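Listed below, chain by chain, are the residues.
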Amino acid sequence: MSPSQILEPTPELSKALHANVVSDQASSSIINRLKSKNKELQTQSVNTYQRFWKDSEINNEESRTDMYKTLTNTYYNLVTDFYEYGWGESFHFARRSIGETQRESIRRHEHILFSAARIAPGMKVLDVGCGVGGPARECVRLTGAHITGLNNNDYQIQRANIYAAKHKQENFSTFVKGDFMDMPFEDNSFDAVYAIEATCHAPVLEGVYSQMYRVLKPGGYFAIYEWCLTDNFDENNAEHKKLALDIEHGDGIAKLFTAKVALQAAKNAGFELEIVTDLAHETVAGNEIPWFAALDIGVVSFNGIQGFARSQVGRVFTTNAVKLLEKVGIAPAGTVQVQDVLLTAADALVAGAKKEIFTPMYLIVGRKPLN
């Protein structure tokens, strides 16, 4: 593919693309954000992302893997505002108990991981693929640790810093631009390391897990929720393969790996594994409602803006609103395509969950040996 056809998501591009977004208000509306984007760059970014799935030259697993940084970074330049609108500050799933709100379940899901990683007051902790910093802020509140968030997307780092200031956490968190396949930290720098549904963007899981191992102090814990294809996934089943591809397309992932691959990657990285389990398929007291219920809400929901946005009525409303905004020139051309990508993701995730071929919460907890 010629350079003119790919818009690389550089820091300069991010600054130009998001320059007029209302950056001093973490809760500014999605309409204001869409209206404030550089429309030409936004449209070019949409075209760049879609080429990974529609251009015969790079519409293949090898190209997407080779260009994973461009693929994933472009994706998050496009969808971060939609994620915050539909999901809040923590971009991940959680099982719910009866009577528990979605936000409460997300916090509880995070607490499980923080506890598994043995995070305690005063520790120096790394959040790998931190998004806009929702889990990091929760970790600060719960544990009193200092959290360093690593993220390769400039816009999300900007959002994370805005939120940190809003919540008076500037002295308890730091957000660093960097590739998690080549982390910009010294060996043995952190007391604990965790990742929540982020390392699925790695082109090779062993690569990112090995980096987590390298920067972790001896005796420290590594804990992740990984997106995986389960043992039920059949590579020869056309429907299974289509669902996996739709998840990849809808979520900016170069390639989904199986749980077996993730487990072996953690072992190969050097961790002494203590917990390996798929929380998506553990039906226990307090986890009665499956994680995908958040995407499979039904006709309508009045459970806040996020709940409404994920319901069938909310999806139709949002799609039509985006179409109108694009038609009248408020939203950049291509915004409807971004919405379509997110709907593709939601439908494929629900279908993959119901067929039990996909999980977003394969829990792996390991310890770096003392010697």
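The coordinates are above.
A few points on the structure. (Residues numbered from 1 in each chain as written. Predicted model: local features only at pLDDT ≥ 70, side-chain atom pairs only at ≥ 80, totals over all residues. Heavy atoms only, no water.)

1. Structural notes on the overall build of the protein
Scanning the protein for helices and strands turns up 14 helices and 7 strands. For 371 residues, the compact-globule estimate of 2.2 N^0.38 gives 21 Å, and the protein sits close to it at 20 Å. By its C-alpha atoms, the protein is 60 × 50 × 45 Å across when sized along the principal axes. In the protein, which comprises 371 residues, the share counted as buried stands at 57%. Put simply, of all contacts in the protein between residues at least 6 apart along the chain, 75% involve residues at least 24 apart. Within the structure as shown, the protein displays about 15300 Å² of accessible surface, and the carbon and sulfur contribution to it stands at 52%. The average position of the 37 basic charges and that of the 44 acidic charges among the side chains of the protein differ by 5 Å. (Helix = DSSP H or I, 4+ residues; strand = E, 2+ residues; numbered from the N terminus. Rg over C-alpha atoms; globule rule 2.2 N^0.38 Å. Buried < 20%, exposed > 50% of the residue type's maximum accessible area, 1.4 Å probe, protein only. Contact = heavy atoms within 4.5 Å. Areas by Shrake-Rupley, 256 points an atom, 1.4 Å probe, with all protein chains shown as cover. Lys, Arg positive; Asp, Glu negative; His and termini not counted. Charge placed at Lys NZ, Arg CZ, Asp CG, Glu CD.)

2. Focus: the pairing of strand 4 (residues 190–196)
On a regular strand, each side chain points to the face opposite its neighbour's, so the side chains alternate between the two faces of the sheet. Here strand 4 lies mainly inside the structure; 6 of its 7 residues are buried. As paired elements, strand 1 (residues 124–128) and strand 4 share 3 bridges and run parallel to each other. Across the sheet, residue Asp127 finds its bridge partner in strand 4, namely Tyr194. Direction of pairing for strand 4 relative to strand 5 (residues 216–229): parallel, over a ladder of 6 bridges. Across the sheet, residue Ala195 finds its bridge partner in strand 5, namely Ile224. (Pairing = 2+ DSSP bridges.)

3. Overview of the nonpolar core
Judged by nonpolar contacts, the single largest core of 51 residues is most densely connected at Ile119, Tyr194, Trp227 and Trp291. The set of elements that each furnish at least two residues to this core consists of helix 6 (102–116), helix 7 (134–143), helix 8 (154–166), strand 4, strand 5, helix 10 (238–251), helix 14 (335–354) and strand 7 (358–367). With near-sequence residues (within four places) excluded, Ile119 lies in contact with Phe114, Val125, Cys139, Thr143, Ala145, Ala192 and Tyr194. With 29 residues, the next largest nonpolar core counts Leu126, Phe180, Ala195 and Ala269 among its residues. (Core = buried A, V, L, I, M, F, W, Y, C linked by side-chain atoms within 4.5 Å.)

4. Quick notes on the pairing of strand 1
Most of strand 1 is tucked away, with 4 of its 5 residues classed as buried. Since strand 1 and strand 2 (residues 146–151) lie parallel, the crossover through helix 7 that links them has a hand, and here it is right-handed. (Right-handed = clockwise from strand over helix to strand, strands pointing away.)

5. Things to note about the pattern of salt bridges
Scanning the entire structure with this criterion turns up 17 salt bridges. Notably, a salt bridge pairs Glu89 with Arg137, separated by 2.9 Å at the nearest N-O pair. Of the two residues, Glu89 is situated in the loop between helix 5 (68–87) and helix 6 and Arg137 in helix 7; the sequence distance between them amounts to 48 residues. Among the ionic contacts, a cluster of salt bridges with common partners joins Arg33, Lys37, Asp81, Glu84 and Arg159. (Salt bridge = Lys/Arg side-chain N within 4 Å of Asp/Glu carboxyl O.)

6. Structural notes on the packing of aromatic side chains
Enumeration over the complete set of coordinates arrives at 17 aromatic pairs. Aromatic pair Tyr213 and Phe271: ring centres 5.1 Å apart, planes at 80°, arrangement edge-to-face. Taken together, the residues Tyr213 in helix 9 (residues 205–215) and Phe271 in the loop between helix 11 (259–269) and strand 6 (272–278) connect sequence positions 58 residues apart. Geometrically, the ring pair formed by Trp291 and Phe292 is edge-to-face, given 5.7 Å between the ring centres and 90° between the ring planes. Pair check on accessibility: Trp291 and Phe292 agree, each one buried. Aromatic rings pair up to connect Tyr49, Trp53, Tyr75, Tyr76, Tyr83 and Phe91 into one cluster. For the cation-ring pair, Lys368 lies above Tyr213, with the distance from its terminal atom to the ring centre recorded as 4.8 Å. (Phe/Tyr/Trp six-rings, centres within 6.5 Å; stacked < 30°, edge-to-face > 60°. Lys NZ or Arg CZ within 6 Å of the ring centre and 35° of its normal.)

7. Concerning the sheet that holds strand 2
An order of 3-2-1-4-5-7-6 is seen for the 7 strands of this open sheet, with the pairing classed as mixed. Two strands lie at the open edges of the sheet, namely strand 3 (173–177) and strand 6, each paired on one side alone. Within this sheet the neighbouring strands show an average axis-to-axis angle of 15°, counted without direction. Strand contacts of helix 9: strand 1, strand 4, strand 5 and strand 7, with the helix running at about 155° to strand 5, the strand carrying the most contacts. On top of the sheet, helix 11 reaches strand 5, strand 6 and strand 7; it is set at about 15° to strand 7, its chief contact. (Axes fitted to C-alpha atoms, helices over the stretch in contact; angles between N-to-C directions.)

8. Thoughts on the state of the cysteines
The tally for this structure, following the rule as stated, stands at 0 disulfides. Cysteine Cys139 is unpaired, with the sulfur of Cys130 as its nearest cysteine sulfur at 12 Å. (Disulfide = S-S within 2.5 Å.)

9. Some remarks on unusual backbone geometry
In the Ramachandran plot, Lys168 falls in the positive-phi region, its phi being about 55° despite a non-glycine side chain. Of note, Lys168 is situated in the loop between helix 8 and strand 3. Overall, Lys168 belongs to the exposed group, its relative accessible area being 65%. Its identity is not glycine, yet Glu356 carries a phi of approximately 55°, on the positive side. Tracing the backbone through its elements, the reader meets Glu356 in the loop between helix 14 and strand 7. When its relative accessible area of 39% is taken as the criterion, Glu356 is described as partly exposed.

10. Details of the packing of helix 9 against helix 11
Running from N to C, helix 9 and helix 11 point in directions that differ by 40°, and their axes come no closer than 8 Å. Taken together, the axes of helix 9 and helix 11 are oblique relative to one another. Note on packing geometry: the crossing formed by helix 9 with helix 11 is right-handed. The residues of helix 11 that touch helix 9, namely those facing Leu205, Glu206, Tyr209, Ser210 and Tyr213, are Ala262, Ala265, Ala266, Asn268 and Ala269. Its residues assigned to classes, the contact of helix 9 with helix 11 shows 7 nonpolar, 2 polar and 1 charged. (Parallel < 35°, antiparallel > 145°, perpendicular 65-115°, else oblique. Left-handed = near helix turned anticlockwise from the far one by under 90°. Nonpolar A, V, L, I, M, F, W, Y, C, P; charged D, E, K, R; others polar.)

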